[in-house]
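What follows is each chain in one-letter form.
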Amino acid sequence: MTQPLASTPRSDGFRMPGEFEPHSGCWMMWPERPDNWRLDARPAQEAFAAVAEAIHPSDPVTMAVSPAQVSNARARLSPGIRVVEIASDDAWMRDTGPTFLVDAAGTRRAVDWHFNAWGGTFNGLYAPWDRDDAVAARVAGIEGVERYRAPFVLEGGAIHVDGDGTAFTTEECLLSPGRNPGLSKAEIEDLLKDYLGVEAVIWIPRGAYQDETTGHVDNLLHVCAPGLVALSWTEDCDDPQFDRSAEALAVLETVRDAKGRKLEIVKLPAPGPLFMSEVEAAGIETAKTGMARGGGQRLAGSYANFYIGNDRVVFPLLDPVTDDVARDILEGCFPGREIIGVPGREVLLGGGNIHCITQQVPA
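Now for a look at the structure at hand. For clarity, every value in this text was computed on a predicted model and none was experimentally measured.

Analysis parameters
Residues numbered from 1 in each chain as written. Predicted model: local features only at pLDDT ≥ 70, side-chain atom pairs only at ≥ 80, totals over all residues. Heavy atoms only, no water. Pairing = 2+ DSSP bridges. Helix = DSSP H or I, 4+ residues; strand = E, 2+ residues; numbered from the N terminus. Contact = heavy atoms within 4.5 Å. Axes fitted to C-alpha atoms, helices over the stretch in contact; angles between N-to-C directions. Buried < 20%, exposed > 50% of the residue type's maximum accessible area, 1.4 Å probe, protein only. Polar contact = N/O pair within 3.5 Å; in protein donor to acceptor, adjacent residues only side chain to side chain. Core = buried A, V, L, I, M, F, W, Y, C linked by side-chain atoms within 4.5 Å. Arc of directions from axis to C-beta. Salt bridge = Lys/Arg side-chain N within 4 Å of Asp/Glu carboxyl O.

Re the sheet that holds strand β8 (residues 166-170)
Strand order in this open sheet of three strands is β7-β8-β9, and the pairing throughout is mixed. In this open sheet, the two strands that pair with only one neighbour each are β7 (160-161) and β9 (200-204). Both β8 and β9 contribute to a ladder of five bridges, which runs parallel. Considered in β9, the bridge of T166 is made with A200. Against the sheet, helix α9 (residues 185-196) makes contact with β7, β8 and β9, and its axis sits at roughly 130° relative to β9, the strand it touches most.

In structure tokens form, the structure reads like this:
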């Protein structure tokens, strides 16, 4: 494994492109953890395979799979999807994989963030997490790109960028005591600028209600284009999500991005509310760490947790009442891209959704 670069992306002229910019591929990771995925992860594996098959016609997909699961994954995936052996602790490629960067010449590099299972010994979801922390370097090596090892804890789902100088994150997540308690908000903002190649950071107060990542921005909103943001929204003022979305809207309506633009905000309906059933909970092994699963638990469902591919957007189907409304809104946000819905409940039961389990590789 090659040693990380000693410089920073911004000093070297690199930036994180917007997800809507061209891709050469997409990485995912195969689920198997029995204290997170019910019934030995068989339903989750079916769901992950469906997501991979939906993305693959647009962006070639690589599935990282533990050695014990290679035969199973290969049998469940179509031949065109690449399977590579990488050991991991769970299946969240957005959070444990690298964040890819580009420069003006089209050279690619990667950021390898420190990962501590969303909170380390303070409020992390499992331990150990060393295999997850090693995933980004492995992926960067397979992609043949140099990497930076960022000097702080961050997950890919904690950030969005517009590719034009602006990053979005939440205070709830990046200022949480389980991640970087020794760093101030200003210091974290400077690090985001250095490692994402951005000029401005827009801080949203909180993420989605009951999101066990401690408020990842990618489960609350998505950047559809420079100046255009889709925000998860509910009109029910009695729902705990209402105040969180309203806080975000208040910020998004008043800030300007790095180019001085006022943002256009499109509201995506929040599904449900959705809850884990007793039957679903009964299929999950009892966790010995912080990843508690139980019947009646509120699920942090969000249509903002979608993946933007080269010529299609893949979004989670979560609630028959709102699925078609979300599809119609996304069609308006992405003219020229096909909008593909894939059942998302099994992924949601594990704590995330389609954006959380994918990681794009820029072209």
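Now that the structure has been shown, we can carry on.
Describing the pairing of β9
In terms of burial, β9 is a largely internal element, five of the five residues being buried. Residues A200, I202 and I204 line one face of β9 and the alternating positions V201 and W203 line the opposite face, and both faces are buried.

Some details on the side chain of R293
Mapped onto the elements of the fold, R293 is located in the loop between α11 (278-282) and β14 (298-299). Within the local environment of R293, its side chain forms a polar contact with the backbone oxygen of G350, the two atoms lying 3.2 Å apart. Apart from residues lying up to four places away in sequence, R293 is in contact with D35, N36, E212, M276, I284, L349, G350 and G351.

Description of the nonpolar core
Counting 49 residues, the largest nonpolar core has W27, M28, M63 and L77 as the members making the most contacts within it. Taken together, the elements giving at least two residues each to this core come down to β1 (23-29), α2 (42-55), β2 (61-65), β3 (82-85), α7 (135-143) and β17 (338-343). For this core, the element with the most residues is α2, which contributes eight residues. Leaving out residues up to four positions away in the same chain, M28 has contacts with F48, V51, A52, V61, T62, M63, A64, M93, I357 and T358. Judged by nonpolar contacts, the second largest core, of 40 residues, contains A248, V266, A281 and I339.

Observations regarding helix α10 (residues 240-254)
Taken as a whole, α10 has its buried residues at Q241, R244, S245, A248, L249, V251 and L252. End-on view of α10: buried residues confined to an arc of 165°, all on one side of the axis.

Regarding the sheet that holds strand β11 (residues 228-233)
Read from one edge of the open sheet, three strands run β10-β11-β12, paired in mixed fashion. The sheet is open, and its two edges are formed by β10 (221-225) and β12 (264-269), each paired on a single side. Recorded for the sheet is a direction-independent mean angle of 30° between the axes of neighbouring strands. As paired strands, β10 and β11 are joined by four bridges and run antiparallel to one another. Each bridged residue has a counterpart across the sheet, and for A225 the counterpart in β11 is L228. Against the sheet, α10 contacts β10, β11 and β12, and its axis sits at roughly 160° relative to β11.

Examining the pattern of salt bridges
Enumeration according to the criterion identifies 24 salt bridges in this entry. A salt bridge links R109 to D12; the shortest N-O distance between them is 3.1 Å. Taken together, the residues span a long stretch of sequence, with R109 in strand β5 (residues 108-114) and D12 in helix α1 (residues 9-12) at a distance of 97 residues. The class for D12 is partly exposed, based on a relative accessible area of 29%. Measuring nitrogen to oxygen at the nearest pair gives 2.8 Å for the salt bridge that ties R147 to D112. Of the two residues, R147 sits in strand β6 (residues 146-153) while D112 sits in strand β5, which places them 35 residues apart along the sequence. Under the relative-accessibility criterion, D112 is labelled buried at 3%. One network of salt bridges, with partners in common, ties together D112, D133, R147 and R149.

Purely spatial values, then, with no claim about function.
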